[in-house]
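Each chain, written out:
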Amino acid sequence: MHDWAYIELADLNASDFGADFTGTWTRGLLIRRNISDNDLAYFSTWCPQGTPIEALVTVEGHRWAIEDSFETAKS
């Protein structure tokens, strides 16, 4: 079980970065706290402005599962 927090750091125009997408995107910091031991993990985000924290947590959960699979495959 984890607690999550999200901090928006800057709103940026995606086209200013030569991206293939347009509109305002947000640079942010997603923070996860393990409830049992208070261990913290930090994740840098780059997402469309207004993306809900639930979507960011879901994406991070998928990323963790993929990284875990890669580690398992290496061993």
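The preceding data block contains the structure.
Thresholds applied
Residues numbered from 1 in each chain as written. Predicted model: local features only at pLDDT ≥ 70, side-chain atom pairs only at ≥ 80, totals over all residues. Heavy atoms only, no water. Helix = DSSP H or I, 4+ residues; strand = E, 2+ residues; numbered from the N terminus. Buried < 20%, exposed > 50% of the residue type's maximum accessible area, 1.4 Å probe, protein only. Contact = heavy atoms within 4.5 Å.

A. Spatial organisation of the environment of Pro-52. Its location among the elements puts Pro-52 in the loop between β3 (40-48) and α1 (53-74). For the pair Pro-52 and Asp-20, spaced 32 residues apart in the sequence, the C-alpha separation amounts to 22 Å.

B. Examining the environment of Leu-9 more closely. Along the polypeptide, Leu-9 turns up in strand β1 (residues 2-13). On the basis of relative accessibility, which here comes to 59%, the residue Leu-9 falls in the exposed class. Discounting residues that sit within four places of it in the chain, Leu-9 has contacts with Arg-27, Gly-28 and Leu-29.

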